[in-house]
Amino acid sequence: MRWSFQIAKFFGIPIRVHITFFLLLIFIGLYGSRLQGARSGLFGIVSIILIFLCVIIHEFAHSLVARKYGVKIKDIILLPIGGVSEMEELPSQPKQEINVALAGPLTSIVLSLIFFFAYRLLFPEAKAVNISIFQGNLFLNLFAINLMLAIFNLIPAFPMDGGRVLRGILGLKMDLLQATRVAVGIGEFLAILFFFFGLFFNPWLALIAVFIFLGAEGEKRATELKVEISDVPVRVAMLSNVEAISPDVTLSQVLEKICHGLQQDFPIMEGKEFLGILSRGTFFSALHNHSKETKVREIMSREFTSTSEDAPLSEAFQRMNSEKLSVLPVMQGKIFKGLISLEQIGKYHMLCGLRK
Ligand SMILES: [Zn+2]
């Protein structure tokens, strides 16, 4: 993710912090100081750092269980809204999905218990106080916050962990699409309840409800797409009638082609030999950094990922998503057969939806 940098690495998984997280720290420090003086400001900053450490541990629990099932973990990013594990697509076997999703909230519950017992042990005389990130007892605060984190994440609605647990449980009895649809329905029903409840009692809850509703819809659409393209070969959706370019054409000549034609991505061929792909993304960033008279040969990369005509479309889709590519060459050995792009997959999905 842009504007984020690595602060540590555990179990081979890099932890990155997004720059906006520091803005949150500054904001909390200033807000606390204005509210109750510099001590509260400092207390707020320490609280936020500790809370986010707990969030990282929660994310690590998801990631380590997912890795046990062979899922590659790219990194864990800390954003002001929480932590995100960037990983390949999660397992769609119900039991694995349940275990990966449950690992986070269970870890938060364990953390909350640890803080609770530490609090009782270290401060046996203390009386209960209000939970705040600006004052009070850090141990008691972290107990309460981890408990809330666990409960909030167990709400059975996408994109919360509870939504995945629910789909996993339903998935033991029905297929993935059906399980997703039922889980999304329950999640959306809850979101609507939260929304109206929030309107009257707590505007934050109403906002969270909107976020849950959109997350649930997104999950449903992504699963429908995945299921629909899982037993379709790449051949069915690929662009086979494509114009190739020579590595000696210049960027300005490619610009002409893009402006006056429909094609956006070009295979680069020298005679019959396939050399690589010039995708729209690579082309525009090259145009930004090089002169228009630069030859394609100078900017192209000779390493490329490819797929084959018989590979399932869902596999090509997954590969493009995890490697952040918009297009893949379809190859048969060393022979170039065509292009498959996210756009083509979207088009195929839309058209096959219309056929039904
Ligand atoms: Zn989680």
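Conventions adopted
Just so you know, the residues in each chain are numbered from 1, in the order the chain's sequence is written. The predicted origin of the model limits local features to residues at a pLDDT of at least 70 and limits the giving and counting of side-chain atom pairs to 80 or more, whereas totals for whole chains, interfaces and linings rest on all residues. Derived side-chain values reflect all non-hydrogen atoms in the structure, with water molecules and hydrogen atoms excluded from consideration. A run of H or I in DSSP becomes a helix once it reaches four residues, and a run of E becomes a strand once it reaches two; helices and strands are each numbered from the N terminus. Relative accessibility thresholds used throughout: buried, under 20% of the residue-type maximum; exposed, over 50%; partly exposed, between the two (1.4 Å probe, protein chains only). We get accessible surface area from the Shrake-Rupley algorithm with a probe of 1.4 Å; when it comes to residues, only the shown protein chains can shield them. The sign given to each residue is positive for Lys and Arg and negative for Asp and Glu; His and the chain ends receive no count. Note that the charge is assigned to NZ on lysines, CZ on arginines, CG on aspartates and CD on glutamates. Only the six-membered ring of Trp is used, alongside the rings of Phe and Tyr, when aromatic pairs are assigned; centres must lie within 6.5 Å, and planes under 30 degrees apart are stacked while those over 60 apart are edge-to-face, with the rest tilted. When DSSP finds at least two bridges between two strands, those strands are taken to pair. What counts as an axis is a line fitted to C-alpha atoms, over the stretch in contact for a helix, and the angles between N-to-C directions run from 0 to 180 degrees. Contacts: residue pairs with any heavy atoms within 4.5 Å of one another. Working rule for angles: under 35 degrees goes down as roughly parallel, over 145 as roughly antiparallel, 65 to 115 as roughly perpendicular, anything else as oblique. A clockwise turn of the near helix away from the far one marks a right-handed crossing, whereas an anticlockwise turn of less than a right angle marks a left-handed crossing. Each metal's donors comprise the N, O and S atoms found within 2.8 Å of it (within 3.2 Å for Na, K or Ca). Water is not part of the atom list, so some coordination spheres may appear incomplete. Geometry is assigned from donor-metal-donor angles: four donors are tetrahedral when every angle falls between 85 and 135 degrees, four are square planar and six octahedral when opposite donors sit over 155 degrees apart with all other angles between 65 and 115, and any other arrangement is irregular.

Peer 1: Is there a simple way to explain the overall build of the protein chain in this structure?
Peer 2: Counting secondary structure elements, the protein chain contains 13 helices and eight strands. Principal axes of the C-alpha set define a box for the protein chain whose edges measure 85 × 50 × 40 Å. Taken across its 356 residues, the protein chain has 43% of its residues classed as buried. Put simply, the protein chain shows about 20100 Å² of open surface, and 64% of that area lies on carbon and sulfur atoms. A gap of 5 Å separates the mean positions of the 34 positive and 29 negative side-chain charges of the protein chain.

Peer 1: Even after reading the chapter, I still don't get the packing of aromatic side chains, so can you show me in this structure?
Peer 2: Both the distance between ring centres and the angle between the ring planes are used here to describe each pair of aromatic rings. Tallied over the entire structure, the rule returns 17 aromatic pairs. Between Tyr31 and Phe134, the ring centres sit 5.7 Å apart and the planes meet at 45 degrees, which makes this aromatic pair tilted. Within this pair, whereas Tyr31 is found in helix α1 (residues 20-36), its partner Phe134 is found in the loop between α3 (94-122) and α4 (138-153), the two being separated by 103 residues in sequence. Centre to centre, the rings of Phe274 and Phe336 are 5.1 Å apart; their planes meet at 5 degrees, and the pair counts as stacked. With Phe274 in strand β6 (residues 273-278) and Phe336 in strand β8 (residues 335-341), the pair connects residues that are 62 residues apart, well separated along the chain. As far as burial versus exposure is concerned, Phe274 and Phe336 are alike and both buried. Each residue in the set Phe5, Phe21, Phe22 and Phe52 is aromatic and connected to the rest through ring pairs, giving one cluster.

Peer 1: What's the story with the sheet that holds strand β3 (residues 73-79) in this structure? I'm lost.
Peer 2: Strands belonging to one sheet form pairs held by backbone hydrogen bonds; the direction of such a pair is parallel or antiparallel. Ordered in space as β1-β2-β3-β4, the four strands form an open sheet in which the pairing is mixed. Bordering the open sheet on either side are β1 (4-10) and β4 (82-87), each of which pairs with just one other strand. Across this sheet, the average inter-strand angle for adjacent strands is 25 degrees, counted without regard to direction. Sheet topology places β3 next to β4; six bridges connect them, and they run antiparallel. By the bridge assignment, Leu78 is partnered in β4 with Gly83. With respect to the sheet, α1 is in contact with β1, β2 (13-18) and β3, its orientation differing from that of β2 by roughly 55 degrees. This element, helix α2 (residues 38-68), spans β1, β2, β3 and β4 of the sheet and lies at about 20 degrees to β4.

Peer 1: Is there a simple way to think about the packing of α3 against α4 in this case?
Peer 2: The packing of two helices is summarised by the inter-axis angle and the distance between the axes. For the pair α3 and α4, the least separation of the axes is 8 Å and the interaxial angle reads 160 degrees. Judged by the inter-axis angle, α3 sits roughly antiparallel to α4. For α3 against α4, the interelement crossing comes out left-handed. Contact residues: α3 offers Pro105, Ser108, Ile109, Leu111, Ser112, Phe115, Phe116, Ala118, Tyr119 and Leu122, while α4 offers Phe139, Leu140, Leu142, Phe143, Asn146, Leu147, Leu149, Ala150 and Asn153.

Peer 1: Explain the coordination of the zinc ion to me, please; I cannot follow it from the model alone.
Peer 2: Six octahedral donors at a metal ideally form angles of 90 or 180 degrees, and four tetrahedral donors ideally form angles of 109.5 degrees. Surrounding the zinc ion are the protein donor atoms His58 (NE2), His62 (NE2), Asp161 (OD) and Asp161 (OD), at 2.0 to 2.8 Å. In this structure, the zinc ion is coordinated by four donor atoms arranged in irregular fashion, with angles at the metal of 51 to 154 degrees. Counting the intervening residues between successive donors of the zinc ion yields the motif H-x3-H-x98-D. Separated by 103 residues along the polypeptide, His58 in helix α2 and Asp161 in helix α5 (residues 161-171) bring together distant segments of the chain.

Peer 1: I keep staring at the side chain of Asn141 and nothing clicks. Help me out?
Peer 2: Looking at where Asn141 falls in the secondary structure, it is placed in helix α4. Assessed through its relative accessible area of 2%, Asn141 is described here as buried. In this structure Asn141 touches Phe43, Asn130, Ile131, Ser132, Gln135 and Gly136, once residues within four positions along its chain are discounted.

Peer 1: Would you mind showing me how to read unusual backbone geometry here?
Peer 2: A negative phi angle characterises most non-glycine residues, just as the trans form characterises most peptide bonds. In this structure, the amide linkage connecting Phe158 to the following residue, Pro159, adopts the cis form with an omega of 0 degrees. Along the polypeptide, Pro159 turns up in the loop between α4 and α5. Non-glycine residue Phe11 carries a positive phi angle of around 50 degrees. The backbone of Lys324 shows a phi angle near 55 degrees, a positive value even though the residue is not glycine. Topologically, Lys324 is positioned in the loop between α12 (313-322) and β7 (327-332).

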